[in-house]
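Close look at the chain arrangement
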Amino acid sequence: MLVAAHRGLVKTTTGVALLVAVATAVTIPGVYFFAAYKSEQRQINLEAEQTARTLGKFVYTHPDHWRWQSHRLDELLSYGAAYLRDSHRRIVSDDGDLIAAFGTSPGYPSLSGIFRVSNGADVVGFVEISYSLWPLIRQTLFVSAIGVLLSTAVYLTLRSLPLRALNRVLADFETSRTELQTANASITSLNDELEQRVIARTAELKAAQEELLRTERLSALGQVTATVAHELRNPLGAIRNSVFLVGEKTQHRGLGLERMLARTERNISRCDRIVNELLDYTRKKTLTARPTPLDAWLADVLAEQTVPEGIALCEELGTPGLELAFDADRLRRAVINVFDNACQAMAEWHEREPGRDALSLTVQTRSSGGRAELRFIDTGPGMTPELLEKAFEPLFSTKGFGVGLGMPTIKQIMEQHGGGMDVSSEPGRGTTVVLWLPVENQQEEAA
Amino acid sequence: MAKALKILVVDDDVDVAESLADILEFDGHDVALAHSGQEAVRHLEERAFDIAFLDVVMPEMNGVDCLCKINELRPETKVFMVTGYSVDQLLNQAADQGAMGVLFKPVAATRMREILRTCA
């Protein structure tokens, strides 16, 4: 756009300059020629008039023979010729006869002045003075040349002056434009950076907010559960003791209360487990980590567990001699939690859709990449990705009973140890849970 | 049947205290009940006990304060703390004051019998 405007301005300026130059070139010689022409015309007329008047006086004094006084007439005509160079002068009678002449005919173009000769009463003839225009034309051409030179100078000046100014403006504009572009690029870059930072900060804020909500929820949950635990444990204790005593007192009396009492005791234990699960997640326990041989310890923990009927437990412990520092009590709870989850899921699946075989839970240990892993691979019902995502949310449970703190508690225990928990699952194929702990380099090498 | 012991059960929850006492009495022990720290102190001022089961969290005088009082009045009494949930600070103080152990509610009768067997 700017280039187009610039071109337009150049065209206009050039046009105006050309117009002014042409006007200058035409006007100066024109005015000169016109002025000089007028001046010479006046001069000739005056000369003709003077000559005619002088001749009139001569005619008056010599009325009969003035026509034949040729030497006087020549003298009269030559008078003033010094002023008008190359002039041609003639005296003509009133009936058109040439009486006397001086100089040569000027040819064409020429300028001429005529004045009548009078003897005081009648016109007796005319004085005609002609003058060649060529000297005037030559002078005019000379003036024209000067005019052309002058107009060229005017043209060039007119043309260059605004262009120079324009060029200066354009140069300034170009500098400004470059500066503007640099600033613009800088602003765009800063803008992008700012945008990225805003996005990152927003994500951080969102995560922090979610964490805060979770913490607040758990804090409120912690307070509630601590109270509930205390309030429930007392009546539970009273019930348990009373039922126990009823059992003791009715024993061997054939009242048939055994099954009912066993059921009551079983359900008291279930309530107790729920309270424990709640307390376990909400109470921040300090770890008491001691170096423990992982495989031997895990084998002991697994040996304590009851595997439901129809499920095969395979132990593939692959880190003999690896000793790790961990809180055996807390990790035991995590392992039992994973174990129970897998067994329950498989047992329920089996009950729901019987006829499956090869239900198994494989427990492996391995050490690589700075982590010691405890892998629990089951061939149970598995979980959909949506279910898997929810499994880590507190208070989410797929079981008919339980408060849904199992998975979050396991994760919490592993994270307290500086490790973590990974779960992968495929509906209909099974679930793999990996509990991992960090391994010091030397321990890994030793293993 | 093991030797009969003189046992003081202290819990502000009447049902808890009574249900525990019922089992102990069924086992042939001499049991006294107290539902506050002050009441427990009054019992101890009157007579000596072999064993005391002390609830940790009670209004006014808590289990640890009560333990200190027992140490003054009847230092020979073996004291077990009973708690519904862990109050680590109080349990540590109790251990420092010479408590024999901590029982978590709900206390299993078998566990209590085990303890009494060792103390008899």
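Residues numbered from 1 in each chain as written. Chains lettered and ligands numbered in written order. Predicted model: local features only at pLDDT ≥ 70, side-chain atom pairs only at ≥ 80, totals over all residues. Heavy atoms only, no water.

Digging into the interface of chain A and chain B
When the parts of a complex come together, some accessible area is lost, and that lost area is often used as the size of the interface. Going by this rule: Pairs of residues are marked as contacts when any of their non-hydrogen atoms sit within 4.5 Å. Salt bridges are defined as contacts in which a side-chain nitrogen from Lys or Arg sits within 4 Å of a carboxyl oxygen from Asp or Glu. Any pair of N or O atoms that falls within 3.5 Å is considered a polar contact. Within protein, one atom must be able to donate a hydrogen and the other to accept it, and sequence-neighbouring residues count only if both atoms are side-chain atoms. Only runs of H or I of at least four residues qualify as helices and only runs of E of at least two qualify as strands under DSSP, and these elements are numbered from the N terminus.
Across the contact, 17 residues belong to chain A and 20 residues belong to chain B. Between Arg113(B) and Glu248(A) there is a salt bridge whose closest N-O contact spans 2.5 Å. Here chain A is connected to chain B by four residue pairs in polar contact (both at pLDDT 80 or more). Of all the secondary structure elements, the ones that give two or more residues to the side of chain A that touches chain B are helix H3 (134–250) and helix H4 (258–282) of chain A. Examining the composition of the side of chain A that touches chain B, we find that 14 residues originate from one element, H3(A), more than from any other.

Remarks on a nonpolar patch on the surface
Residues and elements named next belong to chain A. Rule in force here: Here, patches come from residues exposed beyond 30% relative accessible area and free of salt bridges, joined within 9 Å for like charges and within 5 Å for nonpolar side chains (Val, Leu, Ile, Met, Phe, Trp, Tyr). Only the protein chains shown count as cover for residues, with accessible areas throughout obtained via the Shrake-Rupley method and a probe of 1.4 Å. The buried label goes to any residue with under 20% of its type's maximum accessible area, the exposed label to any with over 50%, and the partly exposed label to all in between, with areas taken from a 1.4 Å probe on protein chains only.
Together, Val-16, Val-20 and Leu-158 give the surface a local cluster of nonpolar side chains, amounting to about 200 Å² of exposed area. Inspection of the secondary structure assignment puts Val-16 in helix H1 (residues 2–61). A relative accessible area of 45% means that Val-16 is categorised as partly exposed.

A word on the packing of aromatic side chains
Stated formally: Only rings of Phe, Tyr and Trp enter the pairing, Trp through its six-membered ring, and a pair is recorded when the two centres are within 6.5 Å. The plane angle decides the type: under 30 degrees is stacked, over 60 is edge-to-face, the rest tilted. Think of it as a cone above the ring: NZ of Lys or CZ of Arg counts as a charge over the ring if it is within 6 Å of the ring centre and within 35 degrees of the ring normal.
A complete count under the given rule lists three aromatic pairs over all chains for this structure. Looking at Arg116(A), its charged tip hangs above the ring of Phe115(A), at a distance of 5.6 Å from the centre.

Here's the deal with the pairing of strand S7 (residues 323–326) of chain A
Residue and element names in this part refer to chain A. The test is simple: Following DSSP output, two strands are said to pair if at least two bridges run between them.
Of the two faces of S7, only one is covered, namely that formed by Leu-324 and Phe-326; the face formed by Glu-323 and Ala-325 stays uncovered. Pairing of strand S5 (residues 290–293) with S7 involves four bridges; the strand directions are antiparallel. By the bridge assignment, Thr-292 is partnered in S7 with Leu-324.

Side note on the sheet that holds strand S10 (residues 420–426) of chain A
Residues and elements named next belong to chain A. Definition in use: Simply put, an axis is a line fit to the C-alpha atoms, just over the touching stretch for a helix, and the angle between two N-to-C directions goes from 0 to 180 degrees.
With respect to topology, five strands assemble into an open sheet ordered S6-S8-S9-S11-S10, the strand pairing being mixed. For this open sheet the edge positions go to strand S6 (312–317) and S10, each flanked by a neighbour on one side alone. Taken over all neighbouring pairs, the strand axes of this sheet differ in orientation by 15° on average, direction set aside. As paired strands, strand S8 (residues 360–368) and strand S9 (residues 371–378) are joined by eight bridges and run antiparallel to one another. Residue Thr-362 lies in a different strand from S9, and its bridge partner there is Ile-377.

Topic: a negative patch on the surface
In plain terms, the rule: Counted charges follow a simple rule, with Lys and Arg positive, Asp and Glu negative, and His plus the chain ends left uncounted. Charged side chains are reduced to one point each, which is NZ for Lys, CZ for Arg, CG for Asp and CD for Glu.
Taken together, the side chains of Asp94(A), Asp95(A), Asp97(A) and Asp122(A) make up a negatively charged region of the molecular surface. Relative to the helices and strands, Asp122(A) resides in the loop between strand S3 (110–118) and strand S4 (123–132).

A word on the pattern of salt bridges
Counted by the stated rule, this structure contains 19 salt bridges over all chains. Residue Glu426(A) pairs with Arg429(A) through a salt bridge whose shortest N-O separation is 3.9 Å. With a relative accessible area of 43%, Glu426(A) lands in the partly exposed category. Given a relative accessible area of 60%, Arg429(A) falls into the exposed group. A salt bridge links Glu114(B) to Arg111(B); the nearest nitrogen and oxygen atoms lie 3.9 Å apart. Pair noted here: Glu114(B) and Arg111(B) are both in helix H5 (residues 109–119), with a separation of three residues, about one helical turn. When its relative accessible area of 41% is taken as the criterion, Glu114(B) is described as partly exposed.

Notes on helix H2 (residues 37–46) of chain B
All names here are of chain B. Heads up, the condition is: In this description, one arc is meant: the one made by directions from the helix axis to the C-beta atoms.
Listed in full, the buried residues belonging to H2 are Gly-37, Ala-40, Val-41, His-43 and Leu-44. Considered in projection along H2, the buried side chains sweep an arc of 160° and stay on one side of the axis. For H2, the secondary structure elements touched by its buried residues are strand S1 (6–10), strand S2 (30–34) and helix H3 (63–73).

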